[in-house]
Amino acid sequence: MKTRNLGTQGLTVSEQGLGCMGMSEFYGTGDEAEAISTIHRALDLGVTFLDTADMYGSGTNEKLVGKAIRDRRDSVVLATKFGIIRGEDSSFRGVNGSPEYVHQACDASLQRLGLDYIDLYYQHRVDPNVPIEETVGAMAELVQQGKVRYLGLSEAAPATIRRAQATHPISALQSEYSLWQREPEDEILPTIRELKIGFVAYSPLGRGFLSGQITSPDDFAPDDFRRNLPRFQGENFNKNLQLVERVKEIAAEKGVTPGQLALAWLLAQGNDIVPIPGTKRQKYLEENVAAVDITLTSPELQRIAEVAPKGVAAGDRYADMSSVNR
């Protein structure tokens, strides 16, 4: 597994990370033993960049990840996030970027993780009621205190990124980027490349859609949150399935899986991009990791771009897009 640099502050990560969210929530029932085995297998394969957040499973995901890496802390680059507030009943209560909350959230995450420091700490969503300078200023205090090593933002707009960077160096921006979500190419990627900030791509497989494994909304467990996403509903689902079929054709010719093709395409978009496909099963982890060894030629990349142009996906990413790209 090769490595890539995120930002210019010294943060080096494996060129593919592991998103741990689905191990605790959103994608059906979790299995802690299998999840921990998957994390251990990832580390063995050189995937040392792990991604979690305090709101995944309302804190249970951080506990799981912390448990899994306790004996291997030195070989892990751990990223977590703060800012999305959930009630005791797990309902979503908005976002909080106040300086006081930044400190409270970090201490709570460290306690759940059972760690002394966090490698990469993201603001999960920008709080429209708190100037980004105040939020990042508080995050910078965490760096000075040794609780956090590097800072990141998630789903932030270009102007917000610039203001944050002027307050304290930002190492990474995490946003959704894949063959069916290419909008970051318009303004986000040019902005962060100018500022020399790395890009962490979440949902690089379109929440599993680009894996080719999903053929019907009935493939989802009853409590799978994808049932409520516009792209997975009604006519949008059928249109998006046509995109996957075209990706499958190219993958078959190449002798790889559709998911591997999608990840290889993303890795080819620049050495400053690190995809973090999520899985809770070793089988899919190993399939994803194999994508780092796939080389795509210029004609292949062009053909893929033609079948998956910007705006190709039918439907919004979320039912409520109000908290995205502030």
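- Per an unreviewed UniProt entry, the protein chain goes by the name Aldo/keto reductase and belongs to Chroogloeocystis siderophila 5.2 s.c.1.

## Side note on the pattern of salt bridges
Right, on to step 1. Evaluated as defined, the whole model comprises 17 salt bridges.
Right, on to step 2. A salt bridge links K147 to D107; its shortest N-O distance comes to 2.8 Å. On the criterion of sequence distance, the pair formed by K147 in the loop between α4 (132-144) and β9 (148-154) and D107 in helix α3 (residues 99-113) is long-range, its members being 40 residues apart.
Right, on to step 3. Taken together, the salt bridges that share partners define one network made up of R73, D119 and R149.

## Topic: unusual backbone geometry
Right, on to step 1. A positive phi angle, close to 55°, is found at E155, a residue other than glycine.
Right, on to step 2. Structurally, E155 can be placed in the loop between β9 and α5 (158-167).
Right, on to step 3. We note that S203 has phi near 50°; this positive angle belongs to a residue other than glycine.
Right, on to step 4. Among the structural elements, S203 can be located in the loop between β11 (198-202) and α7 (234-254).

## Some points on the packing of helix α2 (residues 60-69) against α3
Right, on to step 1. At their nearest, the axes of α2 and α3 sit 7 Å apart, and the two run at 45° to each other. The angle between α2 and α3 places the two elements in the oblique class. When α2 is examined against α3, the residues E62, K63 and G66 are found in contact with a partner set consisting of S109, R112 and L113.
Right, on to step 2. Counted by class, the contact of α2 with α3 contains one nonpolar, two polar and three charged residues.

## Observations regarding the sheet that holds strand β3 (residues 18-19)
Right, on to step 1. If you walk across this open sheet you meet the eight strands as β3-β4-β5-β8-β9-β10-β11-β12, and the pairing is parallel. Sheet topology places β3 and β12 (273-275) at the edges, where each strand pairs with a single neighbour.
Right, on to step 2. Inspection of the sheet shows β9 paired to strand β10 (residues 172-176) by three bridges, in the parallel sense. In the sheet register, S154 faces β10, and the bridge partner there is Q174.

## Examining the side chain of T80
Right, on to step 1. Examined against the element boundaries, T80 turns out to sit in strand β5 (residues 77-82).
Right, on to step 2. Among the polar contacts made by the side chain of T80, one reaches the side chain of E62 at a distance of 2.7 Å.
Right, on to step 3. Once residues lying within four places of it in the same chain are set aside, the contact partners of T80 are T52, A53, D54, E62, S109, L113, I118, L120, Y121 and Y122.

## Digging into the packing of aromatic side chains
Right, on to step 1. On inspection of all chains with the given rule, the structure shows three aromatic pairs.
Right, on to step 2. Plain terms: the ring middles of Y177 and F199 are 5.6 Å apart, the flat faces sit at 80° to each other, and that makes the pair edge-to-face. Taken together, the residues Y177 in the loop between β10 and α6 (188-195) and F199 in strand β11 connect sequence positions 22 residues apart.
Right, on to step 3. In this structure an aromatic cluster arises from ring pairing among Y177, F199 and W265.
Right, on to step 4. Positioned above the aromatic ring of Y117 is the side chain of R73, whose terminal nitrogen or guanidinium carbon lies 4.2 Å from the ring centre.

The rules behind these values
- Residues numbered from 1 in each chain as written.
- Predicted model: local features only at pLDDT ≥ 70, side-chain atom pairs only at ≥ 80, totals over all residues.
- Heavy atoms only, no water.
- Salt bridge = Lys/Arg side-chain N within 4 Å of Asp/Glu carboxyl O.
- Helix = DSSP H or I, 4+ residues; strand = E, 2+ residues; numbered from the N terminus.
- Axes fitted to C-alpha atoms, helices over the stretch in contact; angles between N-to-C directions.
- Parallel < 35°, antiparallel > 145°, perpendicular 65-115°, else oblique.
- Contact = heavy atoms within 4.5 Å.
- Nonpolar A, V, L, I, M, F, W, Y, C, P; charged D, E, K, R; others polar.
- Pairing = 2+ DSSP bridges.
- Polar contact = N/O pair within 3.5 Å; in protein donor to acceptor, adjacent residues only side chain to side chain.
- Phe/Tyr/Trp six-rings, centres within 6.5 Å; stacked < 30°, edge-to-face > 60°.
- Lys NZ or Arg CZ within 6 Å of the ring centre and 35° of its normal.

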